[in-house]
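# Inside the fold
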Amino acid sequence: MNKRILVVNGPNLNLLGTRQPDLYGSDTLADVEALVGDVAGELGFEVRCVQSNSEGALVDAIHAARESCDAIVINAGAYTHTSVAIRDALQGVDLPFAEVHVTNVYAREPFRHHSFLSDVATCVIAGAGIRGYEFAVRQLVATLA
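An account of the accompanying structure is given in this report. Quick caveat: nothing in here was measured; it's all calculated off a predicted structure.

### Structural notes on the pattern of salt bridges
This model, assessed by the stated rule, comprises five salt bridges. Here Glu42 ties to Arg138 by a salt bridge, and the two come within 2.9 Å at their closest N and O atoms. Residue Glu42 is located in helix H2 (residues 29-42), and its partner Arg138 is located in helix H5 (residues 131-144); the two are separated by 96 residues in the primary sequence. Arg138 gets classed as partly exposed once you look at its relative accessible area, which sits at 31%. Among the ionic pairs, Arg87 bridges to Asp119, the shortest N-O distance being 2.6 Å. Of this pair, Arg87 sits in helix H4 (residues 84-93) while Asp119 sits in the loop between strand S4 (97-101) and strand S5 (123-126), placing them 32 residues apart in sequence. For Asp119, a relative accessible area of 58% corresponds to the exposed category. Because the salt bridges share partners, they merge into one network encompassing Glu42, Arg131, Glu134 and Arg138.

About the criteria used
Residues numbered from 1 in each chain as written. Predicted model: local features only at pLDDT ≥ 70, side-chain atom pairs only at ≥ 80, totals over all residues. Heavy atoms only, no water. Salt bridge = Lys/Arg side-chain N within 4 Å of Asp/Glu carboxyl O. Helix = DSSP H or I, 4+ residues; strand = E, 2+ residues; numbered from the N terminus. Buried < 20%, exposed > 50% of the residue type's maximum accessible area, 1.4 Å probe, protein only.

Below, the structure is given as structure tokens:
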């Protein structure tokens, strides 16, 4: 199997670059995907990127990673704060994963302060903009070494 990282982006992340640019910045999802592709390639990994606004599609993508990926970077968006299903899927595939948030969720509304993923994640990166994805890829590759 090739060394591969799945990058999962949840609801509304397809709107990066246009949704609240004062909060999320002007970088787009295509910019995120290019960045992780470049960083992973530099480290000898391939990436597969998935974005969906549907919880079930995200769970299916995580399940599929079990047979084809070595690690997962996930920005579950709002599902971070609500989805036991995504947590269970991540635990079920038993791959190291990094939880990423473009913004500092702890400087936002109180409901964003709780994550169903953080306590089982390999690492959590919040508030670094899209560079958080780069940090996550680098950390996961280091973890796999």
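The rest of the description comes next.
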